[in-house]
Amino acid sequence: MAARSVGRRLLIVGCIFFLAAAAQAAEIRVRVDDGAGAPVADAVLSLNRVGGTPTTPRKASATMDQHDLRFAPFVLPVQAGTTVTFPNSDNVRHQVYSFSASKRFQLSLYTGNHASTVLFDQPGIVTLGCNIHDWMVGYVVVLDTPYFAKTAADGSASIANLPAGEYVVHLWHPRIEDATSQVVEQHLVVAGAPLQRDFHLHLRAPDQSNMPPAGLEMGLGHRMRPHGT
Amino acid sequence: MELRFRTRMTVLLLALFALVQMSTFLAFYVATRQSAVSQAQTRLESGARVFTSLMDARGAQLLDAVQLITSDFGFRQAVATGDTPTIHSVLYNQGHRIQADIVVLSDLQGHVVASLDARGQPLHVDSWTTLLQRAEHDRQWSTVSMIDGRPYQLVIVPVKAPTDIAWLGMGFALDEKLARNLKDLTRLEVTFVARKSQGASWLQSTLPAMNANEGASLLSLVSTTSVSGAPVLFRVGPADYFTLWQPLKGSDTGQLGAVLQFSREGALSAYKSLERELVLIAVLSLIASLAGGLWLSRHVTRPVSRLAVAVRRIEQGNYDTDVGVDREDELGDLADSFNRMQRGIAQREQQIAHQAHHDSLTSLPNRASLQERLDQAIENAKANGHTLAVLMLDIDRFKEINDTMGHAIGDRVLIEMGRRLRESLDIGDMLARFGGDEFVVLIEGRVGAELDRAAEALCQAATLPIRIDAMELFLDTSLGMAIYPQHGATAEELLRRADIAMYDAKQSHLRMQIYQPGRDAMHLYRLSLVNDLRRAIPNGELELYYQPKLNLLTRRVDHVEALVRWNHPQHGLIPPMEFVPLAEYSGIIRMLTDWVMHEVIRQCAAWSDQDLEIGVALNLSAMDLSCGELPEVLNGYLAKYAVDPSRLILEVTETAVMRDAVYALEVLNRLRDCGVQLAIDDFGTGYSSLSHLKRLPVNELKIDKSFVLSMAEDSDDAVIVRSTIELAHNMGLKVVAEGVEDTRTLDMLHGYHCDVAQGFLISRPLPEKEATRWLQRSQNVPFEACDWDEELSEA
């Protein structure tokens, strides 16, 4: 596909100080836009250290809530080994499933009182759906690196405390071409100094918005909290 | 003629009717054809719309079904397993549910995972990648496409979990069953056709079996795009079809489509029975109109031919038979008019015939009628050796009656005369009015004394006085007679000779005269003289002679008598005795008298200029006395020449005065009032009574010369002359003796105290110049001797 030449790689040539790098940690800030200047939210930025030993999966947890008949958050980046809790904040039941190769699972109809947990131990993109609400879509981006961040509404994201070293920079977004993450910078050298990057992502038109149809009553999604308990 | 007219009328009616029928039928035929065509087109177009919407609905139904399938969790789960047998089975299962004829599943990259037909058998889908590109673009793709050589209506949608994980295509075959269903719904023949660059191919059809040629030509028709517009007529087998090309929606560049057809027979079938009924009605009404036309033509032509027969009869003059058309309508009126017309014609023909043969005034037969009868009578007489007599009668001086009393009186005289004559005749005799006052009688088969008696009876009837109102008229008539065969062999000859005889009778003052042989020439001579006489005055052929009259008392000549002479260029001198009657007969006498008066008065004036105070006598005709204008004319001349009226003596014959005594007396009185002298001429020849004479305003008598000439030898005459002179003197009248030719007579007259003598002894009549000379001399020489005249003349 033509989108292989996505983005212009801006190679910032900096001084490479191995010693300094080994000794110091640095912060990277990025801004992602769609090439036309519009900020891209929900893009997942991840950095894999070149030559470094693969990090062991870390026991961690995260939450993918269902709220207002939507997955919240829309995109959830986690490190492999993370257990994600699927609470239900709506007053309707959901049936969450994934047919993605890295993690197939299915949570039978449930309400918030019986929040399930799923362990995501294989890196990959896991697409979440709800069997009874077709518009609902969510992504659990399972990464084999602890260095990742998700762009905010203004397209910015930052990773702090990056150990000095050389990294491959990946960007992923639900509407990215070819559905797999892209390498946006092959050789990112982190020394002590903070880094600043602007990336451009070419995105497909949205086909699945994770937005309930406009006609549905908004209040429908809220689960009534029981009084007193 | 009758047949022709009737036939023509019938044929005309029939032809008109047939024309109307035919044009009605033609109009109907054309209208129904057009209506059928447009209906077929409408039907075809609406069928095409139904077809399209059916296909759309089928496509939508398919789409709904496929979308339902792709959102089925189990199906998605099965697809997500990537397990080929599982996928095969689920595809078959789902395809079977919606009775799809084809099911295709591919991954997002377009690799076909599985493709099955309706029976679950693998199917090769060669164009999947192409189809998928459109589907990726539109997210869902409803199409008609050829797959493995068969047409399908196909829907391709993504399988989402919840994002796209695969593409699912499902389709229905465009098969014969579908075509039949569509035919049932649209009532159109449906044929699915695939068009390719190298030509069209036949797929499925509801049409009855076609032969190879028809199929090929239909395909070639379809392969051109022209059929996509308006329907065209195409023949398949025994029937014609309106044909429309309907491309199928979603088919790539319209390569797949349906040929929709509607049979023309089907379109026309609704009109077929109507057409048959119309033909039946036309035939029936044609027969009815034939019968009606025949009846009508007979009803009209039969009376018309009767009228024609009647017209021919009338043309031949037969007016007796009425036209037998007894009807209440216009033809009946016409027949009545015919009958009235022929009666009117008969009546008028009779009138005209009567008028043609009769005189309208007296109702006697007219000239033409008489001539006809006379011709007939001559034929009869010739055949039988009989005789016949033609008598012509006229009323003397009838013109005067008309002039003085008016034509109304004249007409009554004629009517009365006709009536009397008719009464005096035998039944077998014919009386005709010939014109004017002339009547003609035709007497057949009588001769001699018998004929004379008949003529005498006529004359007596004619001369009886006629009383009109208070007036009594005494009429003289003259009758001439000519007898067949002595006097003529033809009608014309007999009539002319009767006329001559009548004239002779008039001239000789006889009431009746039989034609004298040889009078023809005389008559012709007289006729020519009449003509010449008209020109005599303007030509100066007339001349006045003057005969001196001796006054026996004074022995002087103080009067002369003017006598007119006609010096005819050919015949020489013609005596008055000859031409004056002609002048009277022809009416020229007035002109003549006028001329004489003028000449005499002019002469008097001339003599006065020469100191000759001579009196002049002139003769008036009887007809002059019937002219009321005479006194005025006379006064005019007297005044013009300033002549003493007493020098003028007007001489009138005794008979002239007697003829129309009353009117003549009036004129004479008026003449006397003019101051002129009046004398009775030729006294003694007529029948005037003394009492009548006494009433006349006359001054002198002229004794007729027949007495005077012989008085010296005949003592009777001498007595008559003497007693007449005495009588006249007793009545206070002067006496003039004419015809004095010897001295002895003159002496005797002197002895009888006669006042004036006139005659050759004194002088013959002298022309103007001689007379003037004679008179001048005589003034100085008194009459003495017997040779006086010669002396004076020769001097």
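Residues numbered from 1 in each chain as written. Chains lettered and ligands numbered in written order. Predicted model: local features only at pLDDT ≥ 70, side-chain atom pairs only at ≥ 80, totals over all residues. Heavy atoms only, no water.

Per the secondary structure count, chain B includes 26 helices and 27 strands. Relative to its length of 795 residues, chain B is extended, with a C-alpha radius of gyration of 70 Å against a globular reference of 28 Å. Dimensions of chain B, computed from C-alpha atoms along their principal axes, come out at roughly 210 × 70 × 50 Å. Here chain B holds 795 residues, and 47% of them are scored as buried. The long-range fraction of contacts in chain B, counting pairs at least 24 apart against all pairs at least 6 apart in sequence, stands at 63%. Of the roughly 38600 Å² of accessible surface on chain B, a fraction of 54% belongs to carbon and sulfur atoms. When the 77 basic and 104 acidic side-chain charges of chain B are each reduced to a single mean position, those positions are 13 Å apart. (Helix = DSSP H or I, 4+ residues; strand = E, 2+ residues; numbered from the N terminus. Rg over C-alpha atoms; globule rule 2.2 N^0.38 Å. Buried < 20%, exposed > 50% of the residue type's maximum accessible area, 1.4 Å probe, protein only. Contact = heavy atoms within 4.5 Å. Areas by Shrake-Rupley, 256 points an atom, 1.4 Å probe, with all protein chains shown as cover. Lys, Arg positive; Asp, Glu negative; His and termini not counted. Charge placed at Lys NZ, Arg CZ, Asp CG, Glu CD.)

Another point: the overall build of chain A. If you tally the helices and strands in chain A, you get 1 helix and 17 strands. For chain A, the proportion of contacts with a sequence separation of at least 24, taken over those separated by at least 6, is 67%.

The domains assigned to chain B are domain 1 (11-265), domain 2 (318-356), domain 3 (361-517) and domain 4 (543-698 + 763-794). Its C-alpha centre places domain 1 of chain B at a distance of 151 Å from the equivalent point of domain 4 of chain B. (Domains from an automatic or database assignment.)

Glancing now at the sheet that holds strand β13 (residues 438-444) of chain B. Residues and elements named next belong to chain B. Ordered in space as β12-β13-β11-β16-β17, the 5 strands form an open sheet in which the pairing is mixed. Taken across any chain shown, the strands that pair with only one partner, and hence form the sheet edges, are β12 (430-435) and β17 (512-514). Along the sheet, successive strands turn relative to each other by an average axial angle of 20°, direction set aside. Each of β11 (388-395), β12, β13 and β16 (477-484) is contacted by helix α11 (residues 407-424), which is oriented at about 155° to β12, the strand it contacts most. Across the sheet, helix α12 (residues 448-463) lies against β11, β13, β16 and β17, angled at about 160° from β16, the strand it touches most. (Pairing = 2+ DSSP bridges. Axes fitted to C-alpha atoms, helices over the stretch in contact; angles between N-to-C directions.)

Here we take up the interface of chain B and chain A. Contacts between the two partners involve 12 residues from chain B, matched on the other side by 14 residues from chain A. At the boundary of chain B with chain A, total buried surface from both sides reaches about 1100 Å², with 54% on carbon and sulfur atoms. A per-residue breakdown of the area chain B buries against chain A is headed by F73(B), P162(B) and T163(B), which together make up 50% of the total. Counting every contact that joins chain B to chain A gives 1 salt bridge. Across the salt bridge formed by R76(B) and D134(A), the nearest N and O atoms sit 3.8 Å from each other. Here chain B is connected to chain A by 4 residue pairs in polar contact (both at pLDDT 80 or more). Examining the composition of the side of chain B that touches chain A, we find that 5 residues originate from one element, helix α2 (residues 73-81) of chain B, more than from any other. Class assignment of the residues belonging to the side of chain B that touches chain A gives a composition of 4 nonpolar, 4 polar and 4 charged. (Buried area = accessible area lost by both parts, 1.4 Å probe. Salt bridge = Lys/Arg side-chain N within 4 Å of Asp/Glu carboxyl O. Polar contact = N/O pair within 3.5 Å; in protein donor to acceptor, adjacent residues only side chain to side chain. Nonpolar A, V, L, I, M, F, W, Y, C, P; charged D, E, K, R; others polar.)

What follows deals with helix α23 (residues 715-730) of chain B. All names here are of chain B. Spanning 16 residues, α23 covers 22 Å between terminal C-alpha atoms, matching the ideal 22 Å at 1.5 Å per step. Among the residues of α23, those classed as buried are D717, A718, V721, T724, I725 and A728. One face of α23 carries all of its buried residues, which in axial projection span an arc of 130°. Exposed and facing more than 90 degrees away from the buried side of α23 are D716, V719 and N730. Buried residues along α23 sit in contact with β23 (677-683), β24 (700-703), α22 (705-710), β25 (734-737) and α24 (743-751). Its side-chain oxygen placed 2.8 Å from the backbone nitrogen of D716, D714 serves as the N-cap of α23. (Expected span 1.5 Å × (residues − 1). Arc of directions from axis to C-beta.)

Turning our attention to the sheet that holds strand β2 (residues 44-49) of chain A. Residue and element names in this part refer to chain A. Ordered by their spatial adjacency, 4 strands build an open sheet running β13-β2-β15-β16, and the pairing between neighbours is antiparallel. The sheet is open, and its two edges are formed by β13 (148-150) and β16 (182-190), each paired on a single side. Adjacent strand axes in the sheet meet at a mean angle of 20°, parallel and antiparallel pairs treated alike. Bridge count between β2 and strand β15 (residues 165-172): 6 bridges; the pairing is antiparallel. Note that in β15 the partner of L47 across the bridge is V169.

Further remarks concern the side chain of S369(B). Mapped onto the elements, S369(B) comes out in helix α9 (residues 367-384). Apart from the residues within four sequence positions on either side, S369(B) is in contact with H357(B) and M430(B).

This paragraph deals with the pattern of salt bridges. Residues and elements named next belong to chain B. Counted by the stated rule, this structure contains 35 salt bridges over all chains. Across the pair R446 and D426 runs a salt bridge, and its minimum N-O distance is 2.8 Å. Residue R446 is located in the loop between β13 and α12, and its partner D426 is located in the loop between α11 and β12; the two are separated by 20 residues in the primary sequence. For E492, the salt bridge identified is with R496, shortest N-O distance 3.4 Å. In this pair, E492 and R496 are both assigned in helix α13 (residues 491-507), 4 residues apart and thus about one turn of the helix distant. The class for R496 is partly exposed, based on a relative accessible area of 32%. Salt bridges linked by common partners bring K549, E561, E651, E700, K702 and E738 together as one network.

Residues and elements named next belong to chain B. Taken together, D326, E328, E330, D333 and D336 make up a surface patch of like negative charges. Its place among the elements puts D333 in helix α8 (residues 330-357). For D333, a relative accessible area of 46% corresponds to the partly exposed category. (Patch = residues over 30% accessible without salt bridge, like charges linked within 9 Å, V, L, I, M, F, W, Y side chains within 5 Å.)

Turning to the pairing of strand β12 (residues 133-143) of chain A, a few remarks are in order. Residues and elements named next belong to chain A. Of all 11 residues in β12, 10 are buried; the element is thus mostly enclosed. The pairing of strand β11 (residues 124-130) with β12 spans 7 bridges and is antiparallel. Each residue of the ladder has a partner; that of G124, found in β12, is V142. Between β11 and β12, which pair antiparallel in sequence order, lie 2 residues.

Before going further, it helps to examine helix α7 (residues 264-315) of chain B. The largest bend along α7(B) measures about 45° and falls at A270(B). Looking one or two places after α7(B), you find G317(B), whose phi comes out positive at around 95°. (Bend = angle between axes of the 7 residues up to and from the residue.)

To continue, consider the nonpolar core. What tends to happen in soluble globular proteins is that the nonpolar side chains get buried as a cluster. With 89 residues, the main nonpolar core has L542(B), V600(B), W607(B), L625(B), L634(B), L671(B) and L749(B) as its most contacted residues. Per-element tally for this core: the top contributor is helix α16 (residues 589-609) of chain B, with 10 residues. For L625(B), the residues in contact, after removing those within four places along its chain, are L620(B), V652(B), A656(B), V657(B), Y663(B), A664(B), V667(B), L668(B) and L671(B). Judged by nonpolar contacts, the second largest core, of 31 residues, contains V137(A), Y139(A), A157(A) and Y167(A). (Core = buried A, V, L, I, M, F, W, Y, C linked by side-chain atoms within 4.5 Å.)

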